[in-house]
Amino acid sequence: MSGWPSRDHTHDPSARSWVESANVAGADFPLQNLPFGVYRRPGAKMRPRVGVAIGDAVLDVVGAAAVVPMPSTEAFEAAAACDAPTLNRLASLGPAHWRALRHALFDLLSAAGRNAEAARAARGRILAPMAEVELLLPLAIGDYTDFYASVHHATNVGSMFRPDQPLLPNYKWVPIGYHGRASSIVVSGAPVRRPAGQVLPDGASAPVVQPTARLDYELELGFVVGPGNALGAAIPIGDAPRHLFGVVLVNDWSARDMQAWEYQPLGPFLAKNFATTISPWVVTTDALAPFRSAPAPRAEGDPAPLPYLLDADDQAHGALAVTLEVSLATAAMRAVGSPPHRLSATRFDRAMYWTPAQLLAHHASGGCNLAPGDLLASGTVSGPEPSERGCLLELTWRGRDPVALAGGEVRRFLADGDEVTITGWAEAEGAVRIGFGTCRGVVQPA
Ligand code: MN
């Protein structure tokens with residue numbers, strides 16, 4: 001018995017939408033995806049509301065539910081929760097409501113659906129071209145936690161700073177994380193200002209305050225909490241998936257010189273709290289059902305997870321077959337129309353030491369109460385090969401090996417005007433590929 005959603009007719013690869021752009025091979029938002037976001041139409045008199053991405057359009061969930069009757073109480077209540085400027089109410093309702101709404105929206109948008117004709121006839125009122133809407137931060141994020149769950153990332157970073165002991169002795173026992181800052185989480189496209197702060201110049205005995213010279217990105221996945229838990233009540237790992245509403249792309253911008261000076265003994269602080277970018281569409285755990293995969297096997301001699309982190313189904317299928325890619329376009333590259341430079345790509349399930357369910361169960365294991373809309377990020381997703389490293393710190397090995405770009409530019413760390421774009425998609429045998437859209441930010445001068 002697994003807490004994860006199972007596959008059903010909404011994952012049928014032969015299903016097609018009457019929204020033609022959703023049927024294009026390789027589209028991020030086919031009928032089988034149906035991710036939730038929050039949008040508004042600039043210039044229109046409408047409050048921000050919940051939408052669903054379908055092809056190159058956004059479906060107004062509340063408007064659609066007024067055209068086509070919702071088939072169940074759960075679907076009706078879930079659609080009503082979409083009359084809101086955030087996804088928090090929908091996230092709080094739980095898996096039965098999410099699934100009922102998914103089934104209703106699938107039927108409404110399916111070319112073969114019972115209500116396809118009525119929905120299609122109302123398309124001018126309930127669909128907006130995505131190019132004409134503004135996508136907003138989809139959640140009121142009360143708390144944000146960032147983990148460190150890729151053993152390859154932890155080993156690479158550790159070996160730069162502690163060559164004799166890259167992985168600390170706790171790593172393979174406890175999912176390492178820190179409490180991040182929720183207030184500075186922004187949606188894709190928001191500018192990211194280069195922070196200034198204390199750094200210790202090489203050879204100096206006292207710090208100086210200056211704009212960071214080592215601005216970096218971190219390629220991550222973020223897990224959005226659905227129903228929370230009461231203070232003092234842990235979440236058993238077998239129940240953890242029922243508390244996961246969906247997944248977003250995350251860029252955990254980092255100032256490495258500030259981080260190196262401030263991080264001991266309590267971990268990152270100002271080096272990571274100036275901005276975190278997330279993608280606007282929350283891909284639901286329902287949509288990800290076909291893409292659950294086996295976690296990377298633990299190395300010979302590694303300890304088994306402790307009982308509260310051990311679940312047979314999680315060990316067998318608790319990871320996700322999600323490919324993540326990050327690319328860079330400098331201001332000069334964009335000015336001459338050069339395509340973005342792909343910096344790295346990796347698979348989430350190949351990179352991580354801990355599964356999303358383990359991260360959530362660990363977080364709540366001491367009684368910490370999680371709440372709807374909380375964000376748990378994976379930590380930098382770095383796979384085993386050098387081409388799979390998820391930040392510049394690793395890719396350039398602290399700046400030793402600069403990245404060469406088209407046009408003769410090089411980068412050790414990010415320069416003003418640099419645009420960093422993260423994309424992600426899930427693929428599996430017998431399933432339609434689904435995408436996460438993009439998570440993008442341009443670095444502004446200090
Ligand atoms: Mn991070």
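Coordinates for the structure precede this section.
Since we're looking at a predicted model, the values are computed, not measured.

Novice: An account of the coordination of the manganese ion is needed here, citing residue identities and associated values.
Specialist: Looking at the manganese ion, one finds its protein donor set to be Asp146 (OD), Glu218 (OE), Glu220 (OE) and Asp252 (OD), positioned 2.1 to 2.2 Å from the metal centre. Sequence spacing of the donor residues for the manganese ion, all on one chain, is D-x71-E-x1-E-x31-D. Residue classification places Glu218 among the buried residues on the basis of a relative accessible area of 4%.

Novice: Explain unusual backbone geometry residue by residue, including any values.
Specialist: Geometrically, the link from Gln264 to Pro265 is a cis peptide bond, its omega value of 0° lying close to zero. Position of Pro265 among the secondary structure elements: in the loop between helix 8 (256-262) and strand 16 (276-278). Here the phi dihedral of Leu34 falls at roughly 55°; this positive angle occurs in a residue that is not glycine. With respect to the helices, strands and loops of the structure, Leu34 is situated in the segment before strand 1 (36-40). One non-glycine residue, Trp397, lies in positive phi territory at about 50°. By the element assignment, Trp397 lies in the loop between helix 13 (392-395) and strand 23 (403-404).

Novice: Go over the packing of aromatic side chains with me, naming the residues and quoting the values.
Specialist: Evaluation of the coordinates by the stated rule reveals seven aromatic pairs. Ring centres 6.2 Å apart and planes at 75° place the aromatic pair Tyr148 and Tyr171 in the edge-to-face group. Note that Tyr148 is positioned in the loop between strand 6 (144-147) and helix 7 (151-161) and Tyr171 in the loop between helix 7 and strand 7 (177-179), a separation of 23 residues in sequence. With relative accessibility at 3%, the residue Tyr171 sits in the buried group. Grouped by ring-pair contacts, the aromatic residues Tyr148, Tyr171, Tyr353 and Trp354 constitute a single cluster. For the cation-ring pair, Arg298 lies above Trp354, with the distance from its terminal atom to the ring centre recorded as 4.6 Å.

Novice: Quick rundown of a nonpolar patch on the surface? Include the residues and the values.
Specialist: On the surface, a cluster of nonpolar side chains totalling about 280 Å² of accessible area is made up of Trp173, Leu306 and Tyr308. Along the chain, Trp173 falls in the loop between helix 7 and strand 7. Note on Trp173: relative accessible area 42%, which makes it partly exposed.

Novice: Before we move on, could you go through helix 12 (residues 356-364) and cite the residues and values that matter?
Specialist: For helix 12, the buried fraction is high: nine of the nine residues fall into the buried class. Of all the positions in helix 12, only Pro356, Ala357, Gln358, Leu359, Leu360, Ala361, His362, His363 and Ala364 are classed as buried.

Novice: So, the sheet that holds strand 26 (residues 434-444): which residues are in play, and what are the values?
Specialist: Paired through their backbone hydrogen bonds, the strands of a sheet run either parallel or antiparallel. The strand order across the open sheet formed by five strands is 9-26-25-20-21, and the pairing between neighbours is mixed. At either end of the open sheet lies a strand with only one pairing partner, and these are strand 9 (192-193) and strand 21 (341-347). Where strand 9 meets strand 26, two bridges bridge the pair, whose relative direction is parallel. Note that in strand 26 the partner of Arg193 across the bridge is Gln444.

Novice: For the side chain of Glu394, give the residues involved together with the corresponding values.
Specialist: The residue Glu394 is located in helix 13 in this model. Notably, Glu394 is buried but unbridged: the nearest opposite-charge side chain belongs to Arg389, and the N-O separation is 5.0 Å. A distance of 2.5 Å separates a polar atom in the side chain of Glu394 from a polar atom in the side chain of His153. A distance of 2.9 Å separates the side chain of Glu394 from the side chain of Ser382, its partner in a polar contact.

Novice: Provide a residue-level description of the nonpolar core, including the pertinent values.
Specialist: If you look at the biggest cluster of nonpolar residues, it comprises 69 residues, and the most contacted ones within it are Tyr217, Trp253, Leu288 and Leu414. With five residues, helix 12 is the single largest residue contributor to this core. Excluding residues that lie within four positions of it along the chain, Leu288 makes contacts with Val247, Val283, Leu320, Ala426, Ile434 and Phe436. With 52 residues, the next largest nonpolar core counts Ala15, Ala64, Tyr144 and Phe245 among its residues.

Novice: Outline the pairing of strand 3 (residues 57-60), listing residues and values.
Specialist: Here strand 3 shows no split at all, with Ala57 and Leu59 on one side and Val58 and Asp60 on the other all buried. Summarising the sheet, strand 2 (residues 49-54) and strand 3 pair through four bridges and their orientation is antiparallel. In the sheet register, Ile54 faces strand 3, and the bridge partner there is Ala57. Where strand 2 folds back on strand 3, the antiparallel hairpin that results is connected by two residues, among which Gly55 adopts a positive phi of roughly 60°. Bridge analysis of strand 3 against strand 4 (residues 127-129) gives three bridges, and the strand direction is antiparallel. Its bridge partner lying in strand 4, Leu59 is registered against Leu127.

Novice: Go over the sheet that holds strand 1 with me, naming the residues and quoting the values.
Specialist: In spatial order, the strands read 4-3-2-1-5; together these five strands make up an open sheet with antiparallel pairing. If you trace the sheet from one side to the other, it starts and ends with strand 4 and strand 5 (134-136), each paired once. Strand-to-strand, the axes of this sheet are offset by a mean angle of 45°, without reference to chain direction. As defined by bridge partners, strand 1 adjoins strand 2 across four bridges and the pair is classed as antiparallel. Looking at strand 2, one finds that Tyr39 is bridged to Arg49.

Conventions we followed
Residues numbered from 1 in each chain as written. Predicted model: local features only at pLDDT ≥ 70, side-chain atom pairs only at ≥ 80, totals over all residues. Heavy atoms only, no water. Donors = N, O, S within 2.8 Å, 3.2 Å for Na, K, Ca; no water. Buried < 20%, exposed > 50% of the residue type's maximum accessible area, 1.4 Å probe, protein only. Helix = DSSP H or I, 4+ residues; strand = E, 2+ residues; numbered from the N terminus. Phe/Tyr/Trp six-rings, centres within 6.5 Å; stacked < 30°, edge-to-face > 60°. Lys NZ or Arg CZ within 6 Å of the ring centre and 35° of its normal. Patch = residues over 30% accessible without salt bridge, like charges linked within 9 Å, V, L, I, M, F, W, Y side chains within 5 Å. Areas by Shrake-Rupley, 256 points an atom, 1.4 Å probe, with all protein chains shown as cover. Salt bridge = Lys/Arg side-chain N within 4 Å of Asp/Glu carboxyl O. Pairing = 2+ DSSP bridges. Lys, Arg positive; Asp, Glu negative; His and termini not counted. Polar contact = N/O pair within 3.5 Å; in protein donor to acceptor, adjacent residues only side chain to side chain. Core = buried A, V, L, I, M, F, W, Y, C linked by side-chain atoms within 4.5 Å. Contact = heavy atoms within 4.5 Å. Axes fitted to C-alpha atoms, helices over the stretch in contact; angles between N-to-C directions.

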